[in-house]
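Working through the structure, step by step
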Number of protein chains: 2
Amino acid sequence: MPDIKHFDPDAVLETVVRLFWRQGVAGTGIQDVVTATGLNRSSLYATFGGKQDLYGAALRRYIDQWSRPAFRSLAQDQRGLRAVAEFFDGLIAVRCAGEHARWGCLVVNAHTGAENGDPEVRDLLEQHHRELRDALHAALVAAEAQGQLASGTDPGAAAEVLALLAYGVNLRSRAGADAKALHATVATALQSLASPTVA
Amino acid sequence: MPDIKHFDPDAVLETVVRLFWRQGVAGTGIQDVVTATGLNRSSLYATFGGKQDLYGAALRRYIDQWSRPAFRSLAQDQRGLRAVAEFFDGLIAVRCAGEHARWGCLVVNAHTGAENGDPEVRDLLEQHHRELRDALHAALVAAEAQGQLASGTDPGAAAEVLALLAYGVNLRSRAGADAKALHATVATALQSLASPTVA
DNA sequence: ACTAACTTGGAATGACCGTTTCAAGATAGC
DNA sequence: GCTATCTTGAAACGGTCATTCCAAGTTAGT
């Protein structure tokens, strides 16, 4: 009976993610979305609701597409500190080079904006933090089991430290931090967790 | 010959800092500034220029008033790791309790906004980072001289790690991170730098 | 072909944005 | 008191903001 959408909502959301990611929420107008996606205001509002809803959907999609896959592969990687190191390598690579260089992390960026007043956004930030911490925790437990951690190092506490470090990396990358320097900093942090027997 | 200002520019800037700090640049309109300061648009523009200049001045004032004093006392404190610990204690206290709770750090917040495109802002971020790192470095050199650091710990590299950690603390505090958890995380990070002989 | 249900294009909404303008008011030297 | 020089108040500027509305178009079932 009804007409059918003349566009792919998922592809549109993909474009919207990139807009919010690069320019921020406040810096992105509905007009920008209309122009970038090519679809009409009516379709936009009918499909996603207002700007706040659109941002919520974009944030959720970003986490699904970018954060969660990285967390999953980190948590499942049994190599211990090597897994953590590669997680940060990938992070720095995305943040400092290629198409998304200097865009930072959409979730980190969301911490500072006025949009973090929205309960939905607040929940997503909390959830994201928990998942990041848990993934690091899993990798550090694997490291501990292999004797890679310095004695007395608590994997849970260390995971929280590394999570905050990751936020720092994301934040500074948006200001144009040097990839080499970030790599060195991460290496230092990991070394401080490693058992003395590990080079 | 001329008339004299009927207000104190410094007191006005103080109010402006608080507005930008709490609500962000994009979330603060000139109307908000006019209302909060009580002075007129004409006086505002004649004294500070446009919004971007006003933000630059506010950011500079924030660094002068909040960042630099903390950096200075950290750099001059000769107690080593104890000095670093107290620096973070003070940081978390400001971020999580009292009037400025959940405001985050104006400098950290500036990383994510569109305003970091401004060269002046970019320079301030870089300068702030350098000063934070140098202050931490000085404290860690003092720690090293007293044998507080684990052997093989480079004060310069460790300073960079702690600087990113501080950014993480500031960022997460804006999302309402728990002060106790932040304290525990910082303690963990400092322990990983400490020589095994230190409790 | 007809119709119910939905989408789409495009204009229009009122509110707010940062900024400018200008007449009126205030001050300090003459 | 006069004048040059600045400050102040208040209105107005064009532009952009998110959002709404409605007529026209499109589809699927009858």
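Quick caveat, the model's predicted, so the values are computed rather than measured. Just so you know, the residues in each chain are numbered from 1, in the order the chain's sequence is written. Naming scheme: in the order in which they are written, chains are lettered from A and ligands are numbered from 1. Only residues with pLDDT of 70 or above have their local features reported here, since the model is predicted, and side-chain atom pairs are shown and tallied only from 80 upward, although totals for entire chains, interfaces and linings are computed over all residues. Only heavy atoms go into the side-chain values, all of them from the structure, while hydrogens and water stay out.

1. Considering the overall build of chain A
Helix numbering and strand numbering both begin at the N terminus, where a helix is a DSSP run of H or I of at least 4 residues and a strand a DSSP run of E of at least 2. In terms of regular secondary structure, chain A is built from nine helices and zero strands. Along chain A, helices and strands appear, N-terminal first, in the series α-α-α-α-α-α-α-α-α. For chain A, restricting intrachain contacts to residue pairs at least 6 apart in sequence, the fraction spanning at least 24 positions comes to 73%. As displayed, chain A offers around 8,700 Å² of accessible surface, 53% of which is attributable to carbon and sulfur atoms. His is not counted, nor are the chain ends, whereas Lys and Arg count as positive and Asp and Glu as negative. Charged groups are reduced to one reference atom each: NZ for lysine, CZ for arginine, CG for aspartic acid, CD for glutamic acid. In chain A, which carries 19 positive and 22 negative side-chain charges, the distance between the mean positions of the two groups comes to 5 Å. The contact criterion used is simple: two residues touch if any of their non-hydrogen atoms lie within 4.5 Å. Residue-level accessible areas treat just the shown protein chains as cover; the underlying method is Shrake-Rupley with a 1.4 Å probe.

2. Examining the interface of chain A and chain B
Counting residues at the interface gives 32 residues for chain A and 32 residues for chain B. Buried area adds together the accessible area that both of two parts lose upon being put together, with accessible area traced by a 1.4 Å probe. Taking both partners together, chain A and chain B bury about 2,800 Å²; carbon and sulfur atoms supply 64% of that area. Sorting the residues of chain A by area buried against chain B places Thr112(A), Leu164(A) and Arg172(A) first, and these three jointly supply 24% of that buried surface. Salt bridges are defined by distance alone: a side-chain nitrogen of Lys or Arg within 4 Å of a carboxyl oxygen of Asp or Glu. For the pair chain A and chain B, the number of links is two salt bridges. The shortest N-O distance in the salt bridge between Arg172(A) and Glu126(B) comes to 3.0 Å. Polar contact is defined as a pair of N or O atoms within 3.5 Å, subject to the rule that within protein one atom must be able to donate a hydrogen and the other to accept it, and that residues adjacent in sequence are counted only when both atoms are side-chain atoms. Summed over the shared surface of chain A and chain B, the number is ten residue pairs in polar contact (both at pLDDT 80 or more). Elements with a contribution of two residues or more to the side of chain A that touches chain B: helix H6 (106–112), helix H7 (119–145), helix H8 (155–174) and helix H9 (179–193) of chain A. The element that contributes the greatest number of residues to the side of chain A that touches chain B is H8(A), accounting for twelve residues. Three categories are distinguished: nonpolar for Ala, Val, Leu, Ile, Met, Phe, Trp, Tyr, Cys and Pro, charged for Asp, Glu, Lys and Arg, and polar for the others, with Gly belonging to the last. The class makeup of the residues in the side of chain A that touches chain B is 16 nonpolar, ten polar and six charged.

3. Remarks on the layout of surface pockets
Buriedness for pockets is judged along seven lines, at least five of which must meet protein on both sides within 12 Å for an open set on the 1 Å grid over protein atoms alone, while cavities are sets there where a 1.4 Å probe fits but cannot get out, and lining residues have an atom within 4 Å of a point. Grid points are joined across faces, edges and corners, and a volume is the space filled by probe spheres set on the points. In this model, the second largest pocket occupies a volume close to 430 Å³. Contributing to the lining of the second largest pocket are 30 residues, with Ala26(A), Gly113(A), Ala26(B), Gly113(B) and Ala114(B) lying nearest its centre. Elements with a minimum of two residues in the lining of the second largest pocket: helix H1 (9–23) and H6 of chain A together with helix H1 (9–23) and helix H6 (106–112) of chain B. Counted by class, the lining of the second largest pocket contains 15 nonpolar, twelve polar and three charged residues.

4. Regarding the pattern of salt bridges
All names here are of chain A. Evaluated as defined, the whole model comprises 24 salt bridges over all chains. Of the charged contacts in the structure, one is a salt bridge between Arg-79 and Glu-86, with a shortest N-O distance of 2.9 Å. When a residue's accessible area, from a 1.4 Å probe over protein chains only, is under 20% of the maximum for its type it is buried; when over 50% it is exposed; and in between it is partly exposed. For Arg-79, a relative accessible area of 36% translates into the label partly exposed.

5. Considerations on the packing of aromatic side chains
Two aromatic rings from Phe, Tyr or Trp, using only the six-membered ring of Trp, form a pair when their centres are within 6.5 Å; if the ring planes differ by under 30 degrees the pair is stacked, by over 60 it is edge-to-face, and anything between is tilted. The full count for this structure, using the stated rule, is 14 aromatic pairs over all chains. Among the aromatic side chains, those forming a connected cluster through ring pairs are Trp21(A), Tyr62(A), Trp66(A) and Trp103(A).

6. Re H9(A)
Expected helix span is taken as 1.5 Å per residue step, with the number of steps being one fewer than the number of residues. Between its first and last C-alpha atoms H9(A) spans 22 Å; for 15 residues at 1.5 Å apiece the expected length is 21 Å, and the two agree. Within H9(A), the full set of buried residues consists of Leu182(A), Thr185(A), Val186(A), Thr188(A), Ala189(A), Leu190(A) and Leu193(A). Against helix H5 (81–96) and H8 of chain A together with helix H8 (155–174) and helix H9 (179–193) of chain B lie the buried residues of H9(A).

7. Brief notes about the relation of the copies chain A and chain B
Our superposition of the copies is a least-squares fit, built on the C-alpha atoms of residues whose pLDDT is at least 70 in both. Overlaying chain A on chain B yields an RMSD of 0.0 Å, the required transformation being a rotation through 180° with an accompanying axial translation of 0.0 Å. Here the symmetry operator amounts to a two-fold rotation axis. A high fraction, 97%, of the interface residues of chain A reappear at the interface in chain B, so the copies pair face to face through one surface.

8. A word on the UniProt feature "DNA-binding region" (unreviewed entry) in chain A
UniProt positions are given in the numbering used here, feature names are shortened, and annotations may be inferred rather than shown by experiment. Here the UniProt-annotated "DNA-binding region" (unreviewed entry) positions come out as residues 29–48 of chain A. Segment residues 29–48 of chain A splits into 80% helix and 0% strand. End C-alpha atoms: 15 Å apart.

9. Some remarks on helix H2 (residues 30–37) of chain B
Residue and element names in this part refer to chain B. The set of residues buried in H2 consists of Ile-30, Val-33 and Val-34. The buried residues of H2 occupy an angular sector of 100° when the element is viewed end-on, so they sit on one face. Where H2 is buried, its residues contact H1, helix H3 (41–48) and helix H4 (51–76). Positive backbone phi, at 85°, marks Gly-38, one or two positions downstream of H2. The directions considered for the arc run from the helix axis to the C-beta atoms.

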